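Remarks on the overall topology
Spelled out from the first residue to the last, the chains are:
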Amino acid sequence: MALHVVVSVSWLALMLCLLTLAVTALTTDDGDRLRTTYRAMGMLGDALVLPLSLLTFLSGVALGLGTSWGLFRYYWVSTKFWLTLGAMAASVFALTARLHDAVRVADTHPTGPIPVADLGFVRYNTVIVPAVALSLYLFNVILSVYKPWGRRKAAERRAVRIPSAGR
């Protein structure tokens, strides 16, 4: 359980760092600061997105399978499973691709200012993607803390049938 908490909180913190850098890049007119933030985002993404997202998902599955919560017995656990699976896929494919786009723009202009026209939608993608991811991870934290919605109906029927099967 400790591993799951550590890696999932680290994944959330990574998105907070990426969002902070992206907002800095969006609001600066300094070409050097823009290049530095985009390159830092790329380095963080390359080093941390895959291991943190994969470890979060796998440790969550292990917890679900190894505890009484199960993976699909409770609505909140099922919701976290599907949201984490989707977030992992989106992080590995969409987020890292957007970060690489930002690094390419920075590398295309090694000195001086970077024209807004050359930045295109990269400026906004690097803010939107981590902001959405951070919101999703915070929602997962809320699910973990409050455990809403109770047990799934199919899981309740199975739980009732299993003890009576031995009678």
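Residues numbered from 1 in each chain as written. Predicted model: local features only at pLDDT ≥ 70, side-chain atom pairs only at ≥ 80, totals over all residues. Heavy atoms only, no water.

- Going by the annotation in an unreviewed UniProt entry, the name recorded for the chain is Membrane protein, with Kitasatospora aureofaciens given as the source organism.

Examining the packing of helix H1 (residues 2-27) against helix H3 (residues 75-108)
- Two elements in contact, H1 and H3, have axes separated by 13 Å at closest approach and are oriented at 40°. Viewed along their axes, H1 and H3 adopt a mutual orientation that is oblique. Read as a crossing pair, H1 and H3 show a hand that is left-handed. Residue-level contacts link His 4, Trp 11, Met 15 and Leu 18 of H1 to Lys 80, Thr 84, Ala 87, Met 88, Ser 91, Leu 95 and Leu 99 of H3.
- Considering only residue class, the contact of H1 with H3 consists of seven nonpolar, three polar and one charged. (Axes fitted to C-alpha atoms, helices over the stretch in contact; angles between N-to-C directions. Helix = DSSP H or I, 4+ residues; strand = E, 2+ residues; numbered from the N terminus. Parallel < 35°, antiparallel > 145°, perpendicular 65-115°, else oblique. Left-handed = near helix turned anticlockwise from the far one by under 90°. Contact = heavy atoms within 4.5 Å. Nonpolar A, V, L, I, M, F, W, Y, C, P; charged D, E, K, R; others polar.)

Points about the UniProt feature "transmembrane region" (unreviewed entry) in the chain
- Cross-referencing UniProt, the feature "transmembrane region" (unreviewed entry) maps to residues 49-72, 81-100 and 120-143 in the present numbering.
- The annotated region residues 81-100 carries 100% helix and 0% strand content, and the separation between its end C-alpha atoms amounts to 28 Å.
- Across residues 120-143, the secondary structure splits into 92% helix and 0% strand, with the terminal C-alpha atoms separated by 36 Å. (UniProt positions renumbered as here; feature names shortened; annotations may be inferred.)

Overview of H1
- With 26 residues, H1 should cover 38 Å at 1.5 Å per step; its first-to-last C-alpha distance of 37 Å lies within 8% of that length.
- Along H1, the positions that sit buried rather than exposed are His 4, Val 7, Trp 11, Leu 12, Leu 14, Met 15, Leu 18, Leu 19, Leu 21, Ala 22 and Ala 25.
- Check the buried side of H1 and you find it contacts helix H2 (31-66), H3 and helix H5 (122-146). (Expected span 1.5 Å × (residues − 1). Buried < 20%, exposed > 50% of the residue type's maximum accessible area, 1.4 Å probe, protein only.)

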